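Architecture and fold: a report
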Number of protein chains: 2
Amino acid sequence: MNFLEERIVKDGLVKSGNVLKVDSFLNHQMDIALMEEIGREFKRRFSDKSVTKVLTIEASGIGIAAFVAKEFGVPLLFAKKSKSINIDGEMYVAEVESFTHKNKNQVIVSKRFLGVGERVLIIDDFLANGCALQGLISIVESAGATVEGCGIVIEKGFQIGGRVIRNMGYRVESLAIVDAMDAETGVITFREQK
Amino acid sequence: MNFLEERIVKDGLVKSGNVLKVDSFLNHQMDIALMEEIGREFKRRFSDKSVTKVLTIEASGIGIAAFVAKEFGVPLLFAKKSKSINIDGEMYVAEVESFTHKNKNQVIVSKRFLGVGERVLIIDDFLANGCALQGLISIVESAGATVEGCGIVIEKGFQIGGRVIRNMGYRVESLAIVDAMDAETGVITFREQK
């Protein structure tokens, strides 16, 4: 097990309905030393890429992506969720469906901060059905920029997102891939990664 | 002018309606070196305080507060905005009115992460009417924890929030206090601070 898998086993809580609670260290309360370690690990995994910008989506991705951006020495850009339909043409927009909240959001990024020639590393805390990540990818593509890769902290391997996005040809690095969780025993099964 | 005021003059945009756009370096695209400098400056200003936790509110506060928490060597806790009324008793809740979005949000923090004995430094990017900050303060007080201070990146000194919260007896440190802005000339007047 790597450092993140160990932490998930130690402090994660498995709830019914395939919910993995990691709010004591990742997405409500944040352990900053862990964020720094995550930043270094993504730098190591994408060290062959010449990244010019890190892109994430509000809210819980921001704390993680900030330390990834620090490692690469590049700006962090975070997409905003918006319900408003009144977008003024200065924004890239993607529609993202949330299964958790059962609604649709527009995800927006200002055109001033993303364009041709940018090489973008996309970072997010969770990958499940992949809607948010697909939205971010489509924004990068609309901008004429390049997706250098996607760095995910926790991937739910039993949901479809990771497979869909890898099949689209994108490189996805997940620090932990959960293949199964048992809410009764609390046992979490991680996918073996080389 | 300090480093932040200089940056606001260089890259901030004054728009009509007393809007100050700082989305190229602070709250959409983030300059990580600037975030680190902000973190060090709040550590310096609150060096007399023994802080055990940094509290902020999603979304744009997170990136800033993460580097403040790093300087203090403590966890970061971010309050979540929620429209749901179905709160299960495990949460501290405050009602916050947004003048920008003309709606009310519940701001929530899990009771597991805040309690008696915690000494909390509250961090946010903007202070204007003070509603969000008052919500965070009331959550800390409900938890029986102590507010050690409030660190704000940009305070709109011509709005009421800073005065209200200082009058309540809380220490508010703002890195830049904008006393006036002129959308036609682009001139920004900062309050002199010692």
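Every chain begins its residue count from 1, and numbering advances along the sequence as written. Ligands are numbered from 1 and chains lettered from A, in the order in which they are written. Where totals are concerned, whole chains, interfaces and linings use all residues; where local detail is concerned, this predicted model gives features only for residues with pLDDT of at least 70, and gives and counts side-chain atom pairs only at 80 or more. Values reported for side chains reflect all heavy atoms of the structure, with hydrogen atoms and water molecules removed beforehand.

Focus: the interface of chain B and chain A
The interface of chain B with chain A comprises 32 residues on the first partner and 32 residues on the second. For the pair chain B and chain A, the two sides together bury roughly 2500 Å², of which 63% comes from carbon and sulfur. Salt bridge, as used here: a side-chain nitrogen of Lys or Arg that lies within 4 Å of a carboxyl oxygen of Asp or Glu. One can count four salt bridges joining chain B with chain A. Arg112(A) is the partner of Asp23(B) in a salt bridge, and the nearest nitrogen-oxygen pair spans 2.5 Å. Polar contacts here mean pairs of N or O atoms no more than 3.5 Å apart (in protein, one a potential hydrogen donor and the other a potential acceptor; neighbouring residues in sequence count only if both atoms are side-chain atoms). For the pair chain B and chain A, the interface holds 14 residue pairs in polar contact (both at pLDDT 80 or more). Labels follow the DSSP assignment, with helices taken as runs of H or I lasting at least four residues and strands as runs of E lasting at least two, numbered in each case from the N terminus. When residues of the side of chain B that touches chain A are traced back to their parent elements, those giving at least two are strand S3 (29-30), helix H2 (32-45), helix H3 (61-72), strand S5 (76-82) and strand S7 (103-110) of chain B. The biggest single contributor to the side of chain B that touches chain A is H3(B), with six residues. Under the grouping applied here, Gly and all other residues not named as nonpolar or charged are polar, the nonpolar ones being Ala, Val, Leu, Ile, Met, Phe, Trp, Tyr, Cys and Pro and the charged ones Asp, Glu, Lys and Arg. Grouping the amino acids of the side of chain B that touches chain A by side-chain chemistry returns 17 nonpolar, seven polar and eight charged. What makes two strands pair is DSSP finding at least two bridges between them. Strand direction decides the pairing type here: strand S5 (residues 76-82) of chain A and S3(B), joined by two bridges, are antiparallel. Every residue pair with non-hydrogen atoms within 4.5 Å of one another is taken to be in contact. Once two parts are put together, the accessible area they lose, assessed with a 1.4 Å probe and summed over both, is termed the buried area.

Some remarks on the environment of Gly157(A)
Topologically, Gly157(A) is positioned in the loop between strand S9 (146-156) and helix H5 (161-167). Beyond its immediate chain neighbours, meaning those up to four positions away, Gly157(A) contacts Ile177(A), Val178(A), Asp179(A) and Arg191(A).

Quick look at helix H4 (residues 131-142) of chain A
All names here are of chain A. Taking 1.5 Å of rise per residue, the 12 residues of H4 would be expected to cover 16 Å, and the 16 Å separating its terminal C-alpha atoms lies within 8% of that figure. Each residue is placed in one exposure class: buried if its accessible area under a 1.4 Å probe, protein chains only, is under 20% of its type's maximum, exposed if it is over 50%, and partly exposed if it falls in between. Taken residue by residue, H4 has Leu 133, Gly 135, Leu 136, Ile 137, Ile 139 and Val 140 as its buried positions. Looking one or two residues beyond H4, the residue adopting positive phi is Gly 144, at roughly 75°. Take the residue count of a helix, subtract one, and multiply by 1.5 Å to get its expected span.

Regarding the packing of aromatic side chains
Aromatic rings in a pair are described by how distant their centres are and how their planes are angled relative to each other. When two rings of Phe, Tyr or Trp (its six-membered ring) have centres within 6.5 Å they constitute a pair, described as stacked for plane angles under 30 degrees, edge-to-face for angles over 60, and tilted for the intermediate range. With the rule as written, the count across this model stands at one aromatic pair over all chains. Relative to Phe67(B), the ring of Phe67(A) has its centre 4.7 Å away and its plane inclined at 40°; by these criteria the two rings are tilted. With one member in each of two chains, Phe67(A) in helix H3 (residues 61-72) and Phe67(B) in helix H3 form a pair that bridges those chains. When its relative accessible area of 1% is taken as the criterion, Phe67(B) is described as buried. For the cation-ring pair, Lys43(B) lies above Phe72(B), with the distance from its terminal atom to the ring centre recorded as 5.1 Å. Definition used: whenever NZ (Lys) or CZ (Arg) falls within 6 Å of the ring centre and also within 35 degrees of the ring normal, the charge is taken to sit over that ring.

Notes on unusual backbone geometry
Across the chain, the bulk of peptide bonds are trans and the bulk of non-glycine residues have phi less than zero. Residue and element names in this part refer to chain A. The residue after Glu 58, namely Ala 59, is reached through a cis peptide bond having omega 5°. In this model, Asn 18 sits at a positive phi of 55°, which is unusual for a non-glycine residue. Using a relative accessible area of 36% as the deciding quantity, one classes Asn 18 as partly exposed.

A closer look at the relation of the copies chain B and chain A
All copies are superposed by least squares; the fitting set is the C-alpha atoms of residues with a pLDDT of at least 70 in both. Least-squares fitting of chain B to chain A yields an RMSD of 0.0 Å, with the superposition described by an axial translation of 0.0 Å and a rotation of 180°. When the rotation and shift are considered jointly, the pair of chain copies conforms to a two-fold rotation axis. Comparing contact sets, 100% of the residues at the interface of chain B also lie at the interface in chain A, consistent with an isologous, same-surface contact.

Section: the confidence of the model for chain A
Summary statistics for chain A give a mean pLDDT of 94 and a share of 95% for residues scoring 70 or more. Scoring the predicted complex yields pTM 0.96 and, for the interface, ipTM 0.95. pLDDT is a residue-level measure of predictor confidence that goes from 0 to 100.

So, the pattern of salt bridges
All names here are of chain A. Using the criterion set out here, one finds 30 salt bridges over all chains in the structure. Note that Arg 191 is salt-bridged to Asp 179, the shortest N-O span being 2.8 Å. Placement of Arg 191 in the segment after strand S11 (188-190) and of Asp 179 in strand S10 (residues 172-181) is noted, with a sequence separation of 12 residues between them. A single network of salt bridges, built from pairs that share partners, joins Glu 41, Arg 44, Arg 45, Asp 48, Arg 171 and Glu 173.

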